[in-house]
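Structural features, examined
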Amino acid sequence: AQSVTQLDSHVSVSEGTPVLLRCNYSSSYSPSLFWYVQHPNKGLQLLLKYTSAATLVKGINGFEAEFKKSETSFHLTKPSAHMSDAAEYFCVVSDLSGTYKYIFGTGTRLKVLA
Amino acid sequence: NAGVMQNPRHLVRRRGQEARLRCSPMKGHSHVYWYRQLPEEGLKFMVYLQKENIIDESGMPKERFSAEFPKEGPSILRIQQVVRGDSAAYFCASSPRPDRGGNIQYFGAGTRLSVL
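What counts as what
- Residues numbered from 1 in each chain as written.
- Chains lettered and ligands numbered in written order.
- Predicted model: local features only at pLDDT ≥ 70, side-chain atom pairs only at ≥ 80, totals over all residues.
- Heavy atoms only, no water.
- Pairing = 2+ DSSP bridges.
- Helix = DSSP H or I, 4+ residues; strand = E, 2+ residues; numbered from the N terminus.
- Axes fitted to C-alpha atoms, helices over the stretch in contact; angles between N-to-C directions.
- Buried < 20%, exposed > 50% of the residue type's maximum accessible area, 1.4 Å probe, protein only.
- Contact = heavy atoms within 4.5 Å.
- Buried area = accessible area lost by both parts, 1.4 Å probe.
- Salt bridge = Lys/Arg side-chain N within 4 Å of Asp/Glu carboxyl O.
- Polar contact = N/O pair within 3.5 Å; in protein donor to acceptor, adjacent residues only side chain to side chain.
- Nonpolar A, V, L, I, M, F, W, Y, C, P; charged D, E, K, R; others polar.
- Disulfide = S-S within 2.5 Å.

Sheet strands pair by backbone hydrogen bonding; their relative direction is either parallel or antiparallel. Residues and elements named next belong to chain B. The strand order across the open sheet built from 4 strands is 1-3-8-7, with neighbouring strands paired in antiparallel fashion. What marks the edges here is a single partner per strand, and that holds for strand 1 (5–7) and strand 7 (65–68). Going across the sheet, the axis of each strand differs from the next one's by a mean of 15°, ignoring polarity.

Quick look at the structure:
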């Protein structure tokens, strides 16, 4: 069975400093992994996905994530935080056993300080 | 190309009433997933449907909840005799064809159900 664990429920950074949101996964298969962002009272927007191609994945808005099989990690990073990055971020693994439903982490709330 | 449309955005019901949540997938998408987000929690899978078929309902509560995706029209998530614990945000996602190549799901803005 697949699962993801987001290691931090809240992260605070100052504007202009790097962002690191941590995610570890568990999967019996080579996983399909995603990061989604949710702004308050909005739907979810895809930031990036990993599907066994390049291990360093670039996404929208300057975000990227590196798939590390040896560490079973898929951490999300951004070199310089912007105020508009304040939101909830979800690490997601797709259930590859048949239905491809999403299994979500519990989320990390990113706060960006001026 | 319109995205996934959910309505209503906000729904208020009294205990014991019925709630009907609608989801129109993106054009060309025939696979729909419903997820529920309880306050301060992540999203939890409820049900996966294709046109006229329920494929996986392993996340649906055994009673009061049902879902359909008819040949014509939107997918409907129905909650009968709502209770306060049903208060949550309900998200619909659609996908063109789930596969190992990267099953990207496109999410609607959600329906926020409040039960008084």
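All names here are of chain A. Because side chains alternate across strand 1 (residues 3–6), one face comprises the buried residues V4 and Q6, and the other comprises S3 and T5, none of which is buried. One ladder, built from 4 bridges, connects strand 1 with strand 4 (residues 23–26); its direction is antiparallel. The partner of V4 across the bridge, within strand 4, is Y25.

We now examine the interface of chain B and chain A. By convention, interface size is frequently given as the accessible area that disappears when the constituent parts associate. Taken together, the contacts link 26 residues of chain B with 23 residues of chain A. For the pair chain B and chain A, the two sides together bury roughly 1900 Å², of which 55% comes from carbon and sulfur. Here chain B is connected to chain A by 1 salt bridge. The salt bridge partner of K101(A) is D56(B), with a shortest N-O separation of 3.2 Å. Taken together, the connections running from chain B to chain A amount to 8 residue pairs in polar contact (both at pLDDT 80 or more). Elements with a minimum of two residues in the side of chain B that touches chain A: strand 4 (31–37), strand 5 (43–50) and strand 6 (53–56) of chain B. Residues of the side of chain B that touches chain A, tallied by class, amount to 11 nonpolar, 8 polar and 7 charged.

This part is about the pattern of salt bridges. All names here are of chain B. Taken as a whole, this structure holds 8 salt bridges over all chains when the rule is applied. Across the pair R64 and D86 runs a salt bridge, and its minimum N-O distance is 2.7 Å. Here R64, found in the loop between strand 6 and strand 7, pairs with D86, found in the loop between strand 8 (75–79) and strand 9 (88–95); they are 22 residues apart in sequence, far enough to count as distant.

In this section: the state of the cysteines. In the structure shown here, the tally under the stated rule is 2 disulfides over all chains. Disulfide pairing places C23(A) opposite C91(A) at an S-S distance of 2.0 Å. When the S-S torsion is -65°, as for the bridge of C23(A) with C91(A), the disulfide is left-handed. With a gap of 68 residues between them, C23(A) in strand 4 and C91(A) in strand 10 (residues 87–94) connect regions that are remote in the sequence. The class of C23(A) is buried, set by a relative accessible area of 0%. Accessibility expressed as a relative area gives 0% for C91(A), which makes it buried. The side chain of C23(B) participates in a disulfide bridge whose partner is C92(B); the two sulfur atoms lie 1.7 Å from each other. Judged by the sign of its S-S torsion, about -50°, the bond between C23(B) and C92(B) is left-handed. Placement of C23(B) in strand 3 (residues 19–24) and of C92(B) in strand 9 is noted, with a sequence separation of 69 residues between them.

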